[in-house]
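Below are the chains, spelled out letter by letter.
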Amino acid sequence: MIEIEHLSQTFKAPDGKDVHAIKDVSLHINKGEIFGIIGRSGAGKSTLVRTINFLTQPTQGRVVVNGQCLNDLSLAQLRQIRTKIGMIFQHFNLLSSRTVFDNIALPLELQKTPKAEIEKKVTHLIDLVGLNDHKDKYPSQLSGGQKQRVGIARALANDPMVLLSDEATSALDPETTRATLELLQHINRTLGVTIVLITHEMEVVKEICHRVVVMDQGQVVEAGTVLDVFRHPKHPTTRAMLADIMIHDMPQRIIDNVKTLIAAAEEKGRFAKLLRLTFIGSEVTLPVLSMLTRTYNVDFNILQGQVEELQGSNFGMLTILAESPDQQTFEAATQFLAQNHVEFEEVPL
Amino acid sequence: MSPEIIALLGDGFVETVIMVIGSGILGSVIGIPLGVLLHVTDKDGLMPRLATNAVVGVLVNAVRSTPFIILLVAIYPLTRLLVGTTIGTTATLVPLVIGVAPFIARLVETSLREVDRGLIEAAQSMGATNMQIINKVLLPEALPGIVAGVTIAIVTLVGYSAMAGAIGGGGLGDIGIRYGHNRYMPDVMWTVVLILIVFVQVIQSFGDWCVRKVSKR
């Protein structure tokens, strides 16, 4: 659906220096998926999303949307394709002079849609986003969540193939964020709209994204399915951003303690390792840990544990200090884990 | 005050109203598009045209820095060309409009600048043309500011009209000078002042009411 190839964007800063907002980014976004782009502020994600509808023209690289290369289009053609790429914003960007109804009608008016059709479409959209009681209100009379619903309805007015969401929930409280994300998910499922979602909150990615890329200083530093990225975060930025919801890095004091314990075990001729186990609730059906103890004679200390809901199933993470009589039993035990869909990795000390 | 003087004041008031409202309307017809032009051709505007912006900007500033009393006489030839005479209420409309249009243009430019850039970006993301953005986003969103600006300009026109009147345009200012000052009739002068105070008060209140009416913020 969307191909971004070797995209770079350079701005001139006020002091005359070049600022590289995006450096050689390539992405492939599939039809019908919810694709997350996460990064801290200044990572270049807002610039990146604006190249998908050419609000920002990239310095280098190509953008192809639905088979059309935006670089090759005239301004008039670009306007035409923009009607098929809806966009929602952090600060909603609603016209204060228009009612809810008229705000949603604006993109249709711009396309010179007949009045009767506007009436029909807008009424349907107001119903879809659940604002039936507010259609004649002005934006100043609405809450943040309601404003974003207007923004979403407006973005859907021209039946877009793609919906770009630029920090759409960042100005909302957690509860409203969840409701808004549910609405986006509903739209994705029922209308099949591809959603590209920019955010700085892992929580948002966790909630609704299928795949995610992590951006740092204008570059993509990590990419994969949300599950993969949550299980095996590689880049420090990813780990730091995940720390908001999952702890991947142990406090130094505990690590020191673990080192002493491992050394003590090894002195006794035993084999000890610090492991991080991750598992999906629906995949693990056996009481794996207690079997580990009974069958393989592996003792363990649970140092940290967490269960999160990740895209409809339970995602668990345990950090354990495992100790076994020798390396052979230890390896047999880890094999048993793998067979039972528990992934593990050694935590570097 | 004699009935003649009262009749004179009545006629003068009508003339003042014609000058102020007439030039206010014509000045807006010229000034609002001029303000839009100044805004959109600016370097951060919708369609940056720096040369156009500079030329229009200099012209606007030139008119605005010319004292109105000098502008009045300086454009006599133009007034004669357009109206056929330089004397009378209709003739004063020419300098009044030329004097107020650049003022309105700057006020309009300022209120357009207040419109959130995000709204323009949103409109662009919907595939709006620049003309559509001006007509459907910029002007409606800036309307309260534009109305407030035009109100200020009309109040300023009350002062301008007195000057225009004094050199042959008629109106209350003319009466105030000729009868109140030259013939030493202070009661006439103070009556003129009082009428103008009430007139300005009414214009301002009406303008404020309009702003409240169009503002949905």
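See the structure shown above.
Remember, it's a predicted structure, so these values are computed and weren't measured experimentally.

A. Geometry of the overall build of chain A. Of the regular secondary structure elements, chain A holds 12 helices and 14 strands. Seen through its principal axes, chain A has C-alpha atoms that stretch 80 × 50 × 35 Å. Taking all 349 residues of chain A together, the buried fraction comes to 50%. Long-range pairs, those at least 24 residues apart, make up 69% of the contacts in chain A between residues at least 6 apart in sequence. Summing over all exposed atoms, chain A offers an accessible surface of approximately 16,100 Å²; the carbon and sulfur share of this is 49%. If the 35 positive side-chain charges of chain A are averaged to one point and the 41 negative ones to another, these points end up 6 Å apart.

B. Region of the structure containing helix α1 (residues 3–40) of chain B. Over its 38 residues, α1 of chain B extends 54 Å from the first C-alpha to the last, a length consistent with the 56 Å expected when each residue adds 1.5 Å. For α1 of chain B, the principal kink sits at S28 of chain B and spans about 30°.

C. Seen up close, the layout of surface pockets. In this structure, the largest pocket occupies an estimated 690 Å³ of space. Of all elements in the fold, only α2 (75–82) of chain A together with α1, α5 (89–113), α6 (117–125) and α7 (130–169) of chain B reach the threshold of two or more residues within the lining of the largest pocket. Space inside the second largest pocket adds up to approximately 340 Å³. Looking at the lining of the second largest pocket, the elements that each hand over two or more residues are α1, α7 and α9 (186–214) of chain B. Ranked by residue count, the leading element in the lining of the second largest pocket is α7 of chain B, at six residues. Broken down by class, the residue content of the lining of the second largest pocket amounts to 12 nonpolar, four polar and no charged.

D. Main features of helix α6 (residues 174–191) of chain A. All names here are of chain A. The end-to-end C-alpha separation of α6 is 25 Å, in line with the 26 Å expected for 18 residues at 1.5 Å each. Measuring from the backbone nitrogen of E175 back to the side-chain oxygen at the start of α6 gives 3.2 Å, which picks out D173 as the cap. Two residues or fewer past α6, G192 is found with a positive phi of approximately 70°.

E. The arrangement of the pairing of strand β9 (residues 211–216) of chain A in detail. Residues and elements named next belong to chain A. Counting buried residues along β9, five of its six residues qualify, which places the element largely inside the surrounding structure. By the bridge criterion, five bridges tie strand β3 (residues 34–39) to β9 in an arrangement that is parallel. Residue pairing in the sheet places F35 in a bridge with R211 of β9. Bridge count between β9 and strand β10 (residues 219–225): six bridges; the pairing is antiparallel. Across the sheet, M215 pairs through a bridge with V220, a residue of β10. Taking the residues that link successive antiparallel strands as the turn, the β9-β10 hairpin has two residues, and the phi of Q217 there is positive, at about 50°.

What counts, and where the lines are drawn
Residues numbered from 1 in each chain as written. Chains lettered and ligands numbered in written order. Predicted model: local features only at pLDDT ≥ 70, side-chain atom pairs only at ≥ 80, totals over all residues. Heavy atoms only, no water. Helix = DSSP H or I, 4+ residues; strand = E, 2+ residues; numbered from the N terminus. Buried < 20%, exposed > 50% of the residue type's maximum accessible area, 1.4 Å probe, protein only. Contact = heavy atoms within 4.5 Å. Areas by Shrake-Rupley, 256 points an atom, 1.4 Å probe, with all protein chains shown as cover. Lys, Arg positive; Asp, Glu negative; His and termini not counted. Charge placed at Lys NZ, Arg CZ, Asp CG, Glu CD. Expected span 1.5 Å × (residues − 1). Bend = angle between axes of the 7 residues up to and from the residue. 1 Å grid on protein atoms, 1.4 Å probe; cavity = no way out; pocket = protein on both sides within 12 Å on 5 of 7 lines; lining within 4 Å. Points joined across faces, edges and corners; volume = space filled by probe spheres on them. Nonpolar A, V, L, I, M, F, W, Y, C, P; charged D, E, K, R; others polar. Polar contact = N/O pair within 3.5 Å; in protein donor to acceptor, adjacent residues only side chain to side chain. Pairing = 2+ DSSP bridges.

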